[in-house]
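Structure assessment
This is what each chain is made of:
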Amino acid sequence: CREKKYDYYNLPKTSVVIAFYNEAWSTLLRTVHSVLETSPDILLEEIILVDDYSDKEHLKETLENYVAGLRKVRLIRANKREGLVRARLLGASVAKGDILTFLDCHCECHEGWLEPLLERIGEEETAVVCPVIDVIDWNTFEYLGNAGEPQIGGFDWRLVFTWHSTPEREQKRRKSKIDVIRSPTMAGGLFSVSKKYFDYLGSYDTGMEVWGGENLEFSFRIWQCGGSLEIHPCSHVGHVFPKQAPYSRSKALANSVRAAEVWMDEYKELYYHRNPHARL
């Protein structure tokens, strides 16, 4: 990965969309500054911070004043609580870049994280590309990284996202260690997609409420609408996996039912068999 050279003048530019709700000051700003410090200026169109109707004091005027002093950073606010999907769409709707890169609001990007994602979409417009997600310790904020081969996303029949090692057939298909790895699903927080292809896919399902299930719905949609979902081993972004979510997860079941009904054909019966209460 380190030896790879990029044609910076011919890579597409990206808008980075970061939606947040009541995020801590330190983690939100760590995300923003890491994007600014590790993204080549020529490739970064802008960072769009989307406030999903937070009520914490530090995210009001204090944040506005701080962001006003940063290059390429815009802050937009939802007028009511929209949930992750609609908040991200709010950011996407005003983005100027050819590529949309979505990040969670508690990340740390690494030197060289952006180029591989943009180059791959430049080659293949229907590829949706995720970085390798490294672990940042929840208690100490130490960057623990991610040793060994990147894992791919899967799911169980309750439609819960799961991690798996890369299957042998995928290992054989790849010509080199730095080739993309095709993945059935994505964790959902971190990925890049061509704005044109995102629109063609119908973007996100706006009926998805608050949080949960939208990552599998979007993954199924990509594969069933002619695209591919990939993990790029050269792109690394650290992520804090919170012990406690700042938002309610009560809508996750309804979101999963929605994904099953729309995309799973007869396989939805396996989902209902494992989740009898979902029929209600």
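Residues numbered from 1 in each chain as written. Predicted model: local features only at pLDDT ≥ 70, side-chain atom pairs only at ≥ 80, totals over all residues. Heavy atoms only, no water.

In the nomenclature of an unreviewed UniProt entry, the chain is known as GLT12 acetylgalactosaminyltransferase of Sapayoa aenigma. UniProt annotates the chain under Cofactor (unreviewed entry) with the comment "Mn(2+)". (UniProt positions renumbered as here; feature names shortened; annotations may be inferred.)

Below, the discussion takes up the overall build of the chain. The helix and strand inventory of the chain stands at 9 helices and 12 strands. In terms of C-alpha radius of gyration, the chain reaches 18 Å, essentially the compact-globule figure of 19 Å for 280 residues. Expressed as lengths along the three principal axes of its C-alpha atoms, the size of the chain is roughly 55 × 45 × 40 Å. A buried classification covers 51% of the 280 residues belonging to the chain. (Helix = DSSP H or I, 4+ residues; strand = E, 2+ residues; numbered from the N terminus. Rg over C-alpha atoms; globule rule 2.2 N^0.38 Å. Buried < 20%, exposed > 50% of the residue type's maximum accessible area, 1.4 Å probe, protein only.)

This part covers the pattern of salt bridges. Two side chains carrying opposite charge are able to pair once their charged atoms lie near each other. Scanning the model with the defined rule gives 22 salt bridges in all. Ionic pairing is found between Asp104 and Arg88, a salt bridge with its closest N-O pair at 3.5 Å. Taken as a pair, Asp104 in the loop between strand 4 (99–103) and strand 5 (107–109) and Arg88 in helix 3 (residues 83–94) lie far apart in primary sequence, 16 residues in all. Taken individually, Asp104 and Arg88 each receive the classification buried, so the pair is uniform in this respect. We note a salt bridge from Arg120 to Glu230, for which the minimum N-O separation is 2.6 Å. (Salt bridge = Lys/Arg side-chain N within 4 Å of Asp/Glu carboxyl O.)

Note on placement: Gly112 falls in the loop between strand 5 and helix 4 (114–123). Non-local contacts of Gly112, meaning those with residues more than four positions away in its chain, are made with Thr38 and Cys234. (Contact = heavy atoms within 4.5 Å.)

Next up on the list: the pairing of strand 3 (residues 73–77). In this sheet, strand 3 lies alongside strand 2 (residues 44–51) in parallel orientation, the contact comprising 5 bridges. Bridge pairing in strand 3 links Leu49 to Leu75. A crossover links strand 2 with its parallel partner strand 3, the connecting element being helix 2 (residues 61–68), and its sense is right-handed. (Pairing = 2+ DSSP bridges. Right-handed = clockwise from strand over helix to strand, strands pointing away.)

We now examine the pairing of strand 9 (residues 161–164). Pairing between strand 8 (residues 152–155) and strand 9: 4 bridges, direction antiparallel. In the strand pairing of strand 9, Phe155 is matched with Phe161.

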